[in-house]
Amino acid sequence: MTALPRIVGAAALLALTMCACSTSGAEGGEPRLGSVPTPGHLDAAQITTPLDAYLPSPEENYTLRKARVLLVNSCMRELGYAQNPQPLSRFSGKPYLEHGEFSVVPVEQAERYGYKQPPGDEEGGAETESRYGKSVTDTQGSLLSGKASTFNGKKVPAQGCEGEALRIITKGAATAEEVTMPDGSAAGSGKGGFGEGYAEMVVSSARGKAMAKVREDSRFQDATERWSDCMEKQGYDYDSPSSAWNDKKWADASRAGKQEIAVAVADMGCKQKVNYLGVGIAVATAYEKQVIEESAEVLDDAKDKTARWIQNANQAIEKR
């Protein structure tokens, strides 16, 4: 399991996590909400919800990645294959799993780039790994995966150097080869169990389950309708933020044009006007708490295993 794709001020973090409290038992089966926050931003990096507590920090994720790369390259050198080592991308400070569920970007970003990412803001690690993957030779690939049993008279570890690195990092806390996710789906890892990115996969499943309920919630639907009415008054016909974000007129464009920028700016302005993000966070918080109760075992297991892997990774790094 390879990597998937900020610090928030204490006051902002407290507002987002404490104000959107909920209890179950409201009419229609919808959980009650406490006071709805009014975030002073439209920045996905500053959003926090209860499920985030089950994710490793960006620094911890980088530790796992660094250990994996060091262990794989060490294994390859021991086999006598030192060329084209796995690269270690620079630390970006970004989490693997970000909050994109409410389709928000800072207004100043929308004014310059529409719905596009700013130049240079792409995930550099993914690009680095992509280039590396294209450069791997057949021989190297067979040593990494374990397809080859011997090389230079030396025995290749089971599942190759990648498998060896995974076993070292997950020692004492290995996962099963197939795990039932919070949304009820089954995820299989193949031989060796899961590794880096496992907690993100579990949380992503749990968040997806919660968001399915959020989209059906009357409070969130009302906010969406008010957003749509606001957009219509500005001459744009969209029934939801996702329909604006994914409009075919600019979905495939590499750069934002004037029309996309105009729509994105209007979109963010309407979100601020109707407090779309505040309502979304409050409702999502309520449903995430329900999912956490329903899926406590798999969520706690992913969190505990990841913590053990980070300890193993730090030990591996200290030895190399």
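Parameters at a glance
Residues numbered from 1 in each chain as written. Predicted model: local features only at pLDDT ≥ 70, side-chain atom pairs only at ≥ 80, totals over all residues. Heavy atoms only, no water. Helix = DSSP H or I, 4+ residues; strand = E, 2+ residues; numbered from the N terminus. Expected span 1.5 Å × (residues − 1). Buried < 20%, exposed > 50% of the residue type's maximum accessible area, 1.4 Å probe, protein only. Contact = heavy atoms within 4.5 Å. Disulfide = S-S within 2.5 Å. Phe/Tyr/Trp six-rings, centres within 6.5 Å; stacked < 30°, edge-to-face > 60°. Lys NZ or Arg CZ within 6 Å of the ring centre and 35° of its normal. Patch = residues over 30% accessible without salt bridge, like charges linked within 9 Å, V, L, I, M, F, W, Y side chains within 5 Å. Areas by Shrake-Rupley, 256 points an atom, 1.4 Å probe, with all protein chains shown as cover. Salt bridge = Lys/Arg side-chain N within 4 Å of Asp/Glu carboxyl O. Lys, Arg positive; Asp, Glu negative; His and termini not counted. Charge placed at Lys NZ, Arg CZ, Asp CG, Glu CD. Core = buried A, V, L, I, M, F, W, Y, C linked by side-chain atoms within 4.5 Å.

Engineer: Is there a simple way to explain helix α11 (residues 258-274) in this structure?
Structural biologist: Because each turn of an α-helix spans 3.6 residues, side chains separated by three or four positions in sequence point in the same direction. In a regular helix each residue adds 1.5 Å, so 17 residues correspond to 24 Å; α11 covers 24 Å between its end C-alpha atoms and thus fits that length. Restricting attention to buried positions, one finds in α11 the residues Glu 260, Ile 261, Val 263, Ala 264, Ala 266, Asp 267, Met 268, Cys 270, Lys 271 and Val 274. Turning to α11, the residues buried within the fold contact α3 (107-113), α8 (218-233), α9 (241-245), α10 (248-251) and α12 (276-294). At the exit of α11 stands Asn 275, carrying a positive phi of roughly 55°.

Engineer: Where do I start with the state of the cysteines in this structure?
Structural biologist: Counting across every chain of the model gives two disulfides. Cys 75 shares a disulfide with Cys 161; S-S distance 2.1 Å. Taking the torsion about the S-S bond as the criterion, the Cys 75 to Cys 161 disulfide, at about -70°, is left-handed. Of the two residues, Cys 75 sits in helix α2 (residues 58-78) while Cys 161 sits in helix α6 (residues 160-169), which places them 86 residues apart along the sequence. Exposure remark for Cys 75: the relative accessible area of 9% places this residue in the buried category.

Engineer: How should I be thinking about α2 in this particular structure?
Structural biologist: The end-to-end C-alpha distance of α2, which contains 21 residues, comes to 30 Å, matching closely the 30 Å that a straight helix rising 1.5 Å per residue would cover. Of all 21 residues that make up α2, 15 are buried, and the element is covered over most of its length. One or two residues past the end of α2 sits Gly 80, with phi positive at roughly 95°.

Engineer: What's the story with the packing of aromatic side chains in this structure? I'm lost.
Structural biologist: Aromatic rings considered in pairs are described by the distance between their centres and by the relative angle of their planes. Inspection of every chain in the model, using the stated rule, returns eight aromatic pairs. Taken together, the ring pairs in this structure connect Phe 102, Phe 220 and Tyr 276 into an aromatic cluster. The ring of Tyr 276 is capped by Lys 271, whose NZ or CZ atom sits 5.5 Å from the centre of that ring. Over the ring of Tyr 54 we find Lys 303; its NZ or CZ atom is 5.5 Å from the centre of that ring.

Engineer: Would you mind going over a negative patch on the surface with me for this structure?
Structural biologist: Taken together, Glu 225, Asp 229, Glu 232, Asp 237 and Asp 239 make up a surface patch of like negative charges. Relative to the helices and strands, Asp 229 is located in helix α8. Classification of Asp 229 as partly exposed rests on a relative accessible area of 42%.

Engineer: Is there a simple way to explain the nonpolar core in this structure?
Structural biologist: The nonpolar side chains of a soluble globular protein tend to be buried, and buried together. In this structure, Phe 102, Tyr 198 and Leu 299 are the most contacted members of the largest nonpolar core, which totals 72 residues. If you list the elements that add at least two residues to this core, you get α2, α5 (138-145), α6, α7 (198-216), α8, α11, α12 and α13 (296-318). Looking at which element gives the most residues to this core, the answer is α12, with nine residues. In contact with Leu 299, not counting residues within four places along its chain, are Leu 51, Tyr 54, Val 202, Val 203, Ala 206, Val 291 and Ile 292.

Engineer: Would you mind showing me how to read the pattern of salt bridges here?
Structural biologist: Any two side chains of opposite charge can pair, on the condition that their charged atoms come close. All chains considered together, the criterion is met by 13 salt bridges. Among the ionic pairs, Glu 294 bridges to Lys 209, the shortest N-O distance being 3.1 Å. Taken together, the positions of Glu 294 in helix α12 and Lys 209 in helix α7 put the pair 85 residues apart, joining distant regions of the chain. We note a salt bridge from Asp 247 to Lys 249, for which the minimum N-O separation is 3.0 Å. For Lys 249, a relative accessible area of 53% puts it in the exposed group. By sharing partners, the salt bridges in this structure join Glu 30, Asp 217 and Arg 219 into a single network.

Engineer: In this structure, what is going on with the environment of Val 283? I would like to understand it.
Structural biologist: Residue position: Val 283 is located in helix α12. Take Val 283: its relative accessible area is 0%, and that puts it in the buried class. Distance from Val 283 to Ala 210, taken between C-alpha atoms, is 9.4 Å for residues 73 residues apart in sequence. If we ignore the near neighbours within four places in the chain, the residues touching Val 283 are Leu 33, Val 214, Asp 217, Arg 219 and Phe 220.

Engineer: It is not clear to me how a positive patch on the surface should be interpreted in this structure. Could you clarify?
Structural biologist: There is a patch of like positive charges on the surface, built from Arg 77, Lys 171, Arg 308, Lys 319 and Arg 320. By the element assignment, Arg 308 lies in helix α13.

So yeah, pure geometry; function would need other evidence.
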